[in-house]
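Structural features, examined
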Amino acid sequence: MCHQRMEQNNGSSFTGFILLGFSERPQLELVLFVVLLIFYMFTLLGNTTIIALSHLDPLLQTPMYFFLSNLSFLDLCYTTSTVPQLLVHLRRADKSISFGGCVVQLFISLGLGSTECILLGVMAFDRFAAVCRPLHYTVIMHSRLCVLMASASWFIGFANSSLQTVLIFLVPLCGRNKIDHFFCEIPPLLNLACVDTTIYESEIFFVSVIILLIPVTLITFSYGWIVRAIFRIKSSAGQRKAFGTCGSHLTVVSLFYGTAIYAYLQPSNNYSQDQGKFISLFYTIITPMVNPVIYTLRNKDVTGAMKKVLWRVLTPDDWVGKTL
């Protein structure tokens, strides 16, 4: 339907787009290729490690690490939806993407980004239950509720993506196909429009605010109670542990929401394409890469699990002897 509408608006068959990316700075392309390839490998390694540890170590099979493994899987998918294509385009003159490929890329990246918005709010509620209701934590955060909340995050995220993807590809382009970006994203796609996009921007802005407002409200509510509860903990060790796990989550929230708000909630007349590209690089590769580091840097549970798994791999005979 969207493709037919696009053809009607453009008056001819519309085959695809050109992703200009960083082609106006050819001297940067090789440097970016090397740096992004290294970052992408670290992203794959870090997030795969979190997922593997969460499944292999019984001590990490808790609601917190269930949601964290969801976040790591999400980050793996999000980065992979854009970065491999960018790496290819940085080394090739042909920077085209088919119409269908652009639709799919926007749908997947927007769906994953929206899911992360909701999931970070769910993770804040999990921290609220752990810190403010420690004696009832396992009763509150039972496995069925965790699965339901995670599933709801994915469903809401991709429902939002479906709506916004349809809206964006209903905008008439009149044959314009050069996207001044390195992947298909809403702001640069709107810049191709040959009509007034005020109505489309208002609809997208309204939906984006809702998707951001729900988890932000949950995060604000949760951390208001968490801070009060932490200051009531008499043990300094207990306070440090609570601040450690909550601090990691707040750091991830700040990185993600800061860039998302900049990219999607500012007026289009203030949007800078160059700044937009580097902000997009930040949340498509930097944030997914540093999330595992933030969660494991001062986390004794994860570092302990990592040592145990490495010990099993390096000394399998000794491990079998101990288990027997």
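Note that the structure is a prediction, hence the values are computed from the model and not measured.

1. Section: the packing of aromatic side chains
Tallied over the full model, the rule gives 14 aromatic pairs. With a centroid separation of 5.1 Å and an interplanar angle of 50 degrees, the aromatic rings of F182 and F183 are classed as tilted. Note on accessibility: F182 and F183 belong to one class, buried. Put simply, the rings of F22, F182, F183 and F278 pair up and form one aromatic cluster. Positioned over the ring face of F33 is R91, at 5.7 Å from the centre of the ring.

2. A closer look at the UniProt feature "transmembrane region" (unreviewed entry) in the chain
What UniProt calls "transmembrane region" (unreviewed entry) maps, in this numbering, to residues 30–53, 103–125, 145–171, 204–231, 243–265 and 277–297. In residues 103–125, helix accounts for 100% and strand for 0%; the two terminal C-alpha atoms are 33 Å from one another. In residues 243–265, helix accounts for 96% and strand for 0%; the two terminal C-alpha atoms are 30 Å from one another.

3. A short note on the environment of F33
With respect to the element layout, F33 can be found in helix α2 (residues 26–56). What makes F33 partly exposed here is its relative accessible area of 21%. Separated by 57 residues in the primary sequence, F33 and L90 have C-alpha atoms spaced 6.2 Å apart. Look past the residues within four positions of F33 in its chain and what remains in contact with it is L87, L90 and R91.

4. A short note on the state of the cysteines
Inspection of every chain in the model, using the stated rule, returns two disulfides. A disulfide bridge connects C102 with C184, and the sulfur atoms are separated by 2.0 Å. A torsion of -125 degrees about the S-S bond marks the disulfide between C102 and C184 as left-handed. Of the two residues, C102 is situated in helix α5 (residues 99–132) and C184 in the loop between β3 (178–179) and α8 (186–190); the sequence distance between them amounts to 82 residues.

5. Let's talk about the sheet that holds β3
Spatial ordering of the open sheet is given by β2-β1-β3, a layout of three strands whose pairing is mixed. Pairing within the sheet leaves two strands with one partner each, and these edge strands are β2 (96–98) and β3. The sheet contact formed by strand β1 (residues 16–19) and β3 spans two bridges and is parallel. Residue pairing across strands places L19 opposite I179, the latter belonging to β3.

6. Description of empty space enclosed by the protein
Under the counting rule described, the total for this entry stands at three cavities of 30 Å³ or more. Space inside the largest cavity adds up to approximately 260 Å³. Looking at the largest cavity, it is lined by 21 residues, and the ones nearest its centre are L110, G113, S114, A260 and Y264. Elements with a minimum of two residues in the lining of the largest cavity: α5, α7 (143–168), α9 (198–232) and α10 (236–264). Here the lining of the largest cavity takes six residues from α5, the largest share from any one element. Considering only enclosed or pocket space, the second largest cavity measures out at about 70 Å³ in volume. Considering the residues around the second largest cavity, the lining is formed by M64, L68, M123, D126, R127, T245, H249 and Y295. The set of elements that each furnish at least two residues to the lining of the second largest cavity consists of α3 (63–80), α5 and α10. Residue contributions to the lining of the second largest cavity peak at three residues, all from α5. Grouping the constituent residues of the lining of the second largest cavity by class yields four nonpolar, two polar and two charged.

7. Quick look at the pattern of salt bridges
All told, the structure shown has seven salt bridges when counted by the stated rule. Ionic pairing is found between K95 and E29, a salt bridge with its closest N-O pair at 3.4 Å. Note that K95 is positioned in the loop between α4 (83–90) and β2 and E29 in helix α2, a separation of 66 residues in sequence.

The rules behind each value
- Residues numbered from 1 in each chain as written.
- Predicted model: local features only at pLDDT ≥ 70, side-chain atom pairs only at ≥ 80, totals over all residues.
- Heavy atoms only, no water.
- Phe/Tyr/Trp six-rings, centres within 6.5 Å; stacked < 30°, edge-to-face > 60°.
- Buried < 20%, exposed > 50% of the residue type's maximum accessible area, 1.4 Å probe, protein only.
- Lys NZ or Arg CZ within 6 Å of the ring centre and 35° of its normal.
- UniProt positions renumbered as here; feature names shortened; annotations may be inferred.
- Helix = DSSP H or I, 4+ residues; strand = E, 2+ residues; numbered from the N terminus.
- Contact = heavy atoms within 4.5 Å.
- Disulfide = S-S within 2.5 Å.
- Pairing = 2+ DSSP bridges.
- 1 Å grid on protein atoms, 1.4 Å probe; cavity = no way out; pocket = protein on both sides within 12 Å on 5 of 7 lines; lining within 4 Å.
- Points joined across faces, edges and corners; volume = space filled by probe spheres on them.
- Nonpolar A, V, L, I, M, F, W, Y, C, P; charged D, E, K, R; others polar.
- Salt bridge = Lys/Arg side-chain N within 4 Å of Asp/Glu carboxyl O.

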